[in-house]
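Each chain is listed here by its residues.
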Amino acid sequence: MTDTGVLLAICAYVLVMIGIGAWAARKVKNNHDFMLAGQRIGRLVLTGTLLATWTGAGTIMGRASFSYTYGPFASIFYSLGAPLGILIMYLFLAKRIRMHSKYTVPEIMQERYGSSVRVVTAVAILLAYTAIMSEQVRGLGYILHLTTGVSEDAAKVIGLVVIVFLAFAGGLISVAYTDAISALLITVGLAGGFVFVLVHVGGFGGLVDSLPADHTTWTGGLSPIQLAGYVLPTLLLILGDQNMYQRFSAASSPEVAKRSTLGFLFGDVFFYGAIIVLASSATVLLPAVQPDTAVLRLATDSLPGVLGGLLLMSATAFIITTGNSYLLSSAGNLVHDIYRSLSRKEENSRGELLLTRVAIVVLGVGAFAVGELFPGVLEIQVFSYTMYGAVVTPSLLATFLWKRATAAGCIASMVTGITATLVWEFALDKPHDWNSVLVALPLSVLALVLGSLATPSRRSGPVASPSVGEREQ
């Protein structure tokens, strides 16, 4: 396949996604349809949208960058966080989340702790999600730059427009169905690339024999504490990720929500394994490329044309599906959690729909700007996952698992987590080359415990209430 053929294939994929977005826009009657797809999503589509949402630029570029830099064995440890988190969701959380059926995580927090916690949680999520969205904009820019030759800046603008349109048009209906189709495409593309590259380097044995010596250790030259600094953000994010909670809430039943996590688990393990092999093989075949682009350059420089084109289409699918998902989710925070809490004006469902769409555009532009503050996708990934996982996840899990948690404890935890992350990352420039989660997480948990024990409990647990769909219908 020529460069023109690859470009046409990617354009065809993007046009199909846009077509689905336009179709989904006609299905949206109110904000309940827009945010939770009318709670009609079945198991197969739910599994696909969970998988495609979770595996974005952070996987195809961030995780590839780690594998390319530190080797496949260290990457196995790095990849343990997500499967462990998915297993915990299957055992303890998926059905509970569907039973609460909220638009956003801050709504769950308000139900337990009150409106002040809702606003603080929403601000923390916006900080994290804006950075995660910037990953996707940069990633899609890389792909368009490699396939078209246009400047990276212009390519990022084009990528931003595509991501914003898909979230803007059909909401979760659009996102869920484009995710499910993209998950199938990603599976085929990764499987084809995985088999070809593994044969080309002589199997697993040949790959290991060809790697630099420091790439064949279980830590990749990192200390155990440094390696933990990469594992923890992923585990913490997936346990509290609002995108996961929103999709479980959109399931047709609590049982569908729980069963879908099994397919999510198996797909996640396969995706991560394929990326580890592809990026590690790029270390051998393309030893001097930018780590972020290891898998992309493998597709353009080493794979046969058809396979290379399919892998680039898969990468495009990774990024677009994750980008529009996080954009839609964060727009919900801005409108439902911050605007609703601070404004006394009551909006009808169509009014909220308009506000949500405006928020999508504003946040998309903000994500583009934030991405310019970081040198690469891996750095954005670790920062954004920590900003969410160390700030939001401890208090969110306490909502379900610790009856003694209080509003004061949660606010203290989140403010401490945000402060510790920003100071460690930017003011101190990561002393000892430790990622900020190693400092922010224990301080955040300590603040949660001490703040809760020092103040009276407001409620003993989440209060059973009608789902959002029952309230609007």
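Keep in mind the model is a prediction, meaning the values are calculated, not measured. (Residues numbered from 1 in each chain as written. Predicted model: local features only at pLDDT ≥ 70, side-chain atom pairs only at ≥ 80, totals over all residues. Heavy atoms only, no water.)

Draft legend 1. Seen up close, the overall build of the protein chain. A tally of helices and strands in the protein chain yields 21 helices and zero strands. Burial status across the protein chain gives 60% buried among its 473 residues. Considering only intrachain contacts with a sequence separation of at least 6, the fraction spanning at least 24 residues in the protein chain is 87%. When the accessible surface of the protein chain is totalled, it reaches about 16800 Å², and 68% of it is carbon and sulfur. (Helix = DSSP H or I, 4+ residues; strand = E, 2+ residues; numbered from the N terminus. Buried < 20%, exposed > 50% of the residue type's maximum accessible area, 1.4 Å probe, protein only. Contact = heavy atoms within 4.5 Å. Areas by Shrake-Rupley, 256 points an atom, 1.4 Å probe, with all protein chains shown as cover.)

Draft legend 2. Structural context of the pattern of salt bridges. Applying the stated criterion across every chain yields a total of six salt bridges. Between Asp337 and Arg118 there is a salt bridge; the shortest N-O distance is 2.7 Å. Placement of Asp337 in helix H15 (residues 305-342) and of Arg118 in helix H8 (residues 115-148) is noted, with a sequence separation of 219 residues between them. Both residues of the pair, Asp337 and Arg118, belong to the buried class. The partner of Lys156 in a salt bridge is Glu372, and the shortest N-O contact between them spans 2.8 Å. Placement of the pair is Lys156 in helix H9 (residues 152-200) and Glu372 in the loop between helix H16 (349-371) and helix H17 (377-389), with a sequence separation of 216 residues. Here Lys156 falls in the buried class, since its relative accessible area comes to 7%. Given a relative accessible area of 43%, Glu372 falls into the partly exposed group. (Salt bridge = Lys/Arg side-chain N within 4 Å of Asp/Glu carboxyl O.)

Draft legend 3. Fine view of the packing of aromatic side chains. One pass over the full model with this rule turns up 16 aromatic pairs. Ring centres of Phe66 and Tyr230 lie 5.0 Å apart, and the angle between their planes is 65°; on these two criteria the pair is classed as edge-to-face. Residue Phe66 is found in helix H4 (residues 57-70), and its partner Tyr230 is found in helix H11 (residues 224-240); the two are separated by 164 residues along the sequence. With a centroid separation of 5.4 Å and 15° between ring planes, the pair formed by Tyr129 and Tyr388 is classed as stacked. You can see Tyr129 sitting in helix H8 and its partner Tyr388 sitting in helix H17, a full 259 residues away along the chain. Take Tyr129 and Tyr388: they sit in the same class, and that class is buried. (Phe/Tyr/Trp six-rings, centres within 6.5 Å; stacked < 30°, edge-to-face > 60°.)

Draft legend 4. Molecular detail of H4. Helix length check: H4 (14 residues) gives 18 Å between terminal C-alpha atoms against 20 Å at 1.5 Å per residue, within 8%. For H4, a buried count of 13 out of 14 residues is recorded, marking the element as mostly surrounded by other parts of the structure. Of the residues flanking the end of H4, it is Gly71, one or two places downstream, whose phi is positive at about 100°. (Expected span 1.5 Å × (residues − 1).)

Draft legend 5. Just the environment of Thr393, in detail. With respect to the helices and strands, the residue Thr393 is situated in helix H18 (residues 393-401). Along the sequence, Thr393 and Leu237 sit 156 residues apart, while their C-alpha atoms lie 7.0 Å from each other. With sequence-adjacent residues up to four places away left out, Thr393 is seen in contact with Leu236, Leu239, Gly240 and Tyr388. A polar atom in the side chain of Thr393 sits 2.7 Å from the backbone oxygen of Leu236. (Polar contact = N/O pair within 3.5 Å; in protein donor to acceptor, adjacent residues only side chain to side chain.)

Draft legend 6. Geometry of the packing of H8 against H15. Contact geometry of H8 with H15 gives a least axis separation of 8 Å together with a crossing angle of 155°. As summarised for this structure, H8 and H15 are arranged roughly antiparallel, according to the angle between their axes. Between H8 and H15 the crossing geometry is left-handed. Across the contact of H8 with H15, the residue classes break down as 18 nonpolar, eleven polar and two charged. (Axes fitted to C-alpha atoms, helices over the stretch in contact; angles between N-to-C directions. Parallel < 35°, antiparallel > 145°, perpendicular 65-115°, else oblique. Left-handed = near helix turned anticlockwise from the far one by under 90°. Nonpolar A, V, L, I, M, F, W, Y, C, P; charged D, E, K, R; others polar.)

Draft legend 7. Looking closely at the nonpolar core. Residues Trp54, Leu190, Met244, Tyr245 and Phe264 are the most contacted members of the largest nonpolar core, which totals 118 residues. Ignoring any residue separated from it by four or fewer positions in sequence, one finds Phe264 in contact with Thr47, Leu50, Leu51, Trp54, Ile86, Met89, Ile238 and Met244. (Core = buried A, V, L, I, M, F, W, Y, C linked by side-chain atoms within 4.5 Å.)

Draft legend 8. The arrangement of the environment of Arg112 in detail. Considering the arrangement of structural elements, one finds Arg112 in helix H7 (residues 105-113). Owing to a relative accessible area of 1%, Arg112 belongs among the buried residues under this scheme. Separated by 284 residues in the primary sequence, Arg112 and Leu396 place their C-alpha atoms 9.9 Å from one another. Polar side-chain contacts of Arg112 include one of 3.0 Å to the backbone oxygen of Thr399.

Draft legend 9. Broad picture of the side chain of Ser395. Along the chain, Ser395 turns up in helix H18. Once you skip the residues sitting within four places of it in the chain, Ser395 turns out to touch Met109, Tyr113, Cys410, Ser413, Met414 and Leu448.

Draft legend 10. Highlighting the confidence of the model for the protein chain. In this model, the protein chain carries an average pLDDT of 86, and 90% of its residues clear a pLDDT of 70 or more. Averaged over each element, pLDDT in the protein chain is lowest for helix H21 (residues 468-472) (39) and highest for helix H20 (residues 437-453) (97). (pLDDT = per-residue confidence, 0-100.)

Draft legend 11. Quick peek at the side chain of Arg247. Inspection of the secondary structure assignment puts Arg247 in helix H12 (residues 242-249). For Arg247, a relative accessible area of 0% translates into the label buried. Side-chain polar atoms of Arg247 contact the side chain of Thr53, separated by 3.1 Å.

Draft legend 12. Examining the packing of helix H6 (residues 81-100) against H12 more closely. Interaxial distance between H6 and H12 falls to 8 Å at its minimum, and their mutual angle equals 60°. Classified by the angle between their axes, H6 and H12 sit oblique to one another. Every pair of crossing elements has a handedness; the one defined by H6 and H12 is right-handed. Residues Met89, Leu93, Ala94, Ile97 and Arg98 of H6 touch H12, and the partners they reach there are Met244, Tyr245, Phe248 and Ser249. Taken together, the residues that form the contact of H6 with H12 break down as seven nonpolar, one polar and one charged.

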